[in-house]
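Summary of the model geometry
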Amino acid sequence: MAYPYQIQSKEQYDAHYRESVENPEGFWAEVAGHFQWHKPWEKVLDWSFEEPRIEWFRGGRLNITENCLDRHLEQQGDRPAIIWEPNDPGSEGLTLSYRQLLDKVMQLCHVLRRNGVQKGDRVCIYMGMVPELAIATLACARIGAIHSIVFGGFSARSITDRLEDAQAAFVITADGAHRGNKAIPLKSVIDEALEQCAFVKKVIVLRHTGTAISMKEGRDCYWDEEVKQVAAAGKPFFPAESMDAEDPLFILYTSGSTGKPKGVVHTCGGYMVYASYSFVNVFQYQPGDVYFCTADIGWITGHSYIVYGPLLAGATTLIFEGIPTWPDAGRFWDIVDKHRVNILYTAPTAIRSLMSFGTEPIEGHDLSSLKVLGSVGEPINEEAWQWFHEHIGKGRCPLVDTWWQTENGGILISNLAGVTPAIPTFATLPLPGIQPVLVDEKGAPAQPVKQEDGSSITSGNLCIRFPWPGMFRTTYGDHERFRQNYFAAYPGLYFSGDGCYRDDKGNYRITGRVDDVLNVSGHRIGTAEVENAINSDPSVIESAIVGYPHDIKGQGVYAFVVCDPEHTPGEEARKAILQTVTHLIGAIAKPDKIQFVSGLPKTRSGKIMRRILRKIAEGALDSLGDTSTLLDPGVVEEIKAGRV
Ligand code: WT7
């Protein structure tokens, strides 16, 4: 068997699940034993959600890249590790075998070392979806540097904030990126970001689009020229740094309910074990399969399920540079056909967007290689589930609905393809090692409620009561925030921020965030962050952001904005607000709707009543509930009348 820890049947799942709860340390020690360690761990798990403190495989030493790369050379050094499909179907792609990938990673390690990167240094990576993004990620991991990948759609200001928070002295970027018919000027965005970051010592720039860029003498260097120097010196091997299991592997920033994005920290040992375990089990990867995850490596899905999970399993992972709808809405199906993709992992928003083009773009593409489909990022609605299953999977491919979060490192609740049953719109069962609990507002266990058909449903806030190896360990530089955000609401539990219900067979259905966080096209957007951006516009006094149902994005961003009386709200003010948000955060956070109002509904203590604004944005004008506690109930009528 290729993966000794791959679950083969529902009975085996039940048995493994039971074992993982009864004897978690024994269970995870057995899985971890299938990896290469320089030194075995002294203690499998030490934890307290009260402090909070989580340590897995303490004292163990390893390097994740040896497990991703070196380990596979003997058996499958010439098998494809990465298939790269460029943005433009007319340009040439690239396939890298495990051997070639390791060589390139080691070359870049030499480049990083030449430029002063040491173990523990933070390296910010800001690139498009090119193979060099995976190479840069792995090179950091091999040298023991902590990567902080920033999605290529974020603005200069967002990069500055992240660089500052992590005190990253090194940046790896490219001249530009291709996305559909757009060229993204990555290097010039970095230049703008670095105007505020004098602590950045080196910028390594990949030439990719050929866009004209400026290079700062002494700070900036070209990737290809550096590699040439290294090659001329003739030092092909680069030994992997020996890392403690609990040394940080990466930081990834994500939005929360407060203004500032937080740096989620994952560590080497536990993350490795969980990324690989979940990949192999959820997707039921078989040696030789071609696996295609359509996420961007700038998000956690790309970290865990384009780079680390697949490579740890010795899989072939496809990296696609472009977007689903360019040059036409058949682009994914073209890729599936061309590369004989077996496993396709994508997001509900992409499915809904492709659905809107009908089935015509699918015609003429042979999708018979597909065996497994996957969905992630937000609750998948029934219609999208059925369309994906029927028109793409032709009714014969198991579809996994995978629930998890940046903080989790890997999938926590999902069916296992073809092994445990799928239920449309349900993430279904927890993976072994994952112990979910549903609690009410006060933290008491939620109680089942009998339904008319005799079944019962339990609904509540989704928490996890026991650590798993892939969970995050802190928020970078601010452990108190880690505690406050995730472990304070319900003592002794990790709180996900999601609402959820469970049927009487133990299947989970996630309903969405219960905090002030939106999920727009599968991207997490903090309402406070967008409000802060809008409020910084000189014509704005205050604003409130809420989500509303959006056909394609899942949730759209609705902004209620109070303008300074000296400024007339209108087209110009609208444009200025959109520009400010794009400038401060990035285009992904732009409001879909802006409504200018004379005031916001507030309680007598000055708190904005978001519940009411949410109802108005949704169009549920008759179910606003009690508005009598408002400071000025009249404002609600005005807002209702002016709804856009
Ligand atoms: C939030 C996490 C790691 C996944 C990519 C997004 C929502 C994610 C599902 C799903 C229902 C889902 C949750 C979660 N979510 N997957 N299968 N069903 N909701 O990562 O940015 O950390 O966002 O995405 O609301 O809390 P993220």
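The notes below deal with the structure included here. Bear in mind the structure is a predicted one, so any value in this text is a computation, not a measurement. (Residues numbered from 1 in each chain as written. Predicted model: local features only at pLDDT ≥ 70, side-chain atom pairs only at ≥ 80, totals over all residues. Heavy atoms only, no water.)

1. A look at the overall build of the protein
How we decide: Per the convention used, a helix needs a DSSP run of H or I reaching at least four residues, while a strand needs a run of E reaching at least two, with both numbered from the N terminus. A simple rule labels every residue: compare its accessible area, found with a 1.4 Å probe on the protein chains alone, to the largest value its type can have, and call it buried under 20%, exposed over 50%, or partly exposed in between. Contacts were defined at the residue level, with two residues in contact if any of their heavy atoms lie within 4.5 Å. Per-residue and other accessible areas follow the Shrake-Rupley method at a 1.4 Å probe size, with only the shown protein chains counted as cover for residues. A residue counts as positive if it is Lys or Arg and as negative if it is Asp or Glu; His and the chain ends are not included. To locate a charge, take NZ of a lysine, CZ of an arginine, CG of an aspartate or CD of a glutamate.
The number of helices and strands found in the protein is 18 helices and 31 strands. With the C-alpha coordinates aligned to their principal axes, the bounding extent of the protein is approximately 75 × 65 × 55 Å. Buried residues in the protein amount to 59% of all 644 residues. Look at the contacts in the protein between residues 6 or more apart in sequence, and 71% of them connect residues 24 or more apart. Counting every atom, the protein has about 24400 Å² of accessible surface; 49% of that belongs to carbon and sulfur. In the protein, 62 side chains carry a positive charge and 79 a negative one; their mean positions are 2 Å apart.

2. Observations concerning helix H14 (residues 479–487)
Rule in force here: This arc is taken over the directions from the axis of the helix to the C-beta atoms.
Along H14, the residues classified as buried are Arg481, Phe482, Tyr486 and Phe487. The buried residues of H14 occupy an angular sector of 170 degrees when the element is viewed end-on, so they sit on one face. The secondary structure elements touched by the buried residues of H14 are strand E2 (53–58), strand E15 (262–267), strand E24 (474–475) and strand E25 (494–503).

3. Observations concerning the packing of aromatic side chains
Put simply, the rule reads: Here the aromatic set is Phe, Tyr and Trp, taking the six-membered ring for Trp, and pairing holds for ring centres within 6.5 Å; pairs whose planes are under 30 degrees apart are stacked, those over 60 apart are edge-to-face, and all others are tilted.
Under the defined criterion, the tally for this structure stands at 43 aromatic pairs. Between the aromatic rings of Trp37 and Trp41, the centroid separation amounts to 5.0 Å while the plane-to-plane angle is 70 degrees, which identifies the pairing as edge-to-face. By relative accessible area, which is 17% here, Trp37 ends up buried. The interplanar angle of 50 degrees and the centroid separation of 5.8 Å between the aromatic rings of Phe279 and Phe283 together place this pair among those described as tilted.

4. Some points on the site of the ligand
Where we set the bar: The nearness test applies per residue and asks whether one of its heavy atoms lies within 4 Å of the molecule or strand. For this analysis, a polar contact is any N or O atom pair within 3.5 Å, provided that within protein one partner can donate a hydrogen and the other can accept it, and provided that sequence-adjacent residues contribute only side-chain to side-chain pairs. The nonpolar class holds Ala, Val, Leu, Ile, Met, Phe, Trp, Tyr, Cys and Pro. Asp, Glu, Lys and Arg form the charged class, and all remaining residues, Gly among them, are polar.
Among the 17 residues in the neighbourhood of the ligand, the closest are listed as Asp401, Thr402, Thr406, Asp498 and Arg524. Contact distances for the ligand include 2.6 Å between an oxygen atom and a side-chain N or O atom of Asp498. Protein contacts shield 96% of the accessible area of the ligand, which totals 560 Å² for the unbound molecule. At the level of secondary structure, the elements contributing two or more residues to the shell around the ligand comprise helix H10 (300–312), strand E20 (399–402) and strand E26 (508–513). Of the residues that constitute the shell around the ligand, the class distribution is six nonpolar, six polar and five charged.

5. Looking at the sheet that holds strand E17 (residues 316–320)
Note the following rule: One bridge is not enough; two strands pair if DSSP finds at least two bridges between them. Only the stretch in contact is used when a helix axis is fitted, and all axes are lines through C-alpha atoms; the angle between N-to-C directions ranges over 0 to 180 degrees.
What the seven strands build is an open sheet, ordered E5-E4-E17-E16-E18-E19-E20; its pairing is mixed. Here the strands that pair on one side only, and so sit at the sheet edges, are strand E5 (94–97) and E20. Taken pair by pair, the neighbouring strands of this sheet meet at an average axis angle of 20 degrees, ignoring direction. In terms of strand pairing, strand E4 (residues 80–85) meets E17 through four bridges, oriented parallel. Paired with Glu85 across the bridge in E17 is Phe320. Strands E4, E5 and E17 of the sheet are contacted by helix H5 (residues 131–143), whose axis makes an angle of about 30 degrees with E5.

6. Let's talk about the pairing of strand E28 (residues 523–526)
Looking along a regular strand, one sees side chains alternate from face to face of the sheet. Side chains of E28 alternate between two faces, with His523 and Ile525 and Arg524 and Gly526 buried alike. Where strand E27 (residues 517–520) and E28 come together, four bridges link them in antiparallel fashion. In the strand pairing of E28, Val517 is matched with Gly526.

7. Digging into the packing of helix H9 (residues 268–282) against H10
Stated precisely, the cut-off is as follows: Comment on the angle field: the value is read as roughly parallel under 35 degrees, roughly antiparallel over 145, roughly perpendicular from 65 to 115, and oblique elsewhere.
Two elements in contact, H9 and H10, have axes whose closest approach is 8 Å; the angle formed by their N-to-C orientations is 90 degrees. Comparing their axes, H10 and H9 come out roughly perpendicular. Residues Tyr271, Met272, Ala275, Ser276, Ser278 and Phe279 of H9 form the contact with H10, whose own contacting residues are His303, Ser304, Tyr305, Tyr308, Gly309, Pro310 and Leu312. Considered class by class, the residues forming the contact of H9 with H10 number eight nonpolar, five polar and no charged.

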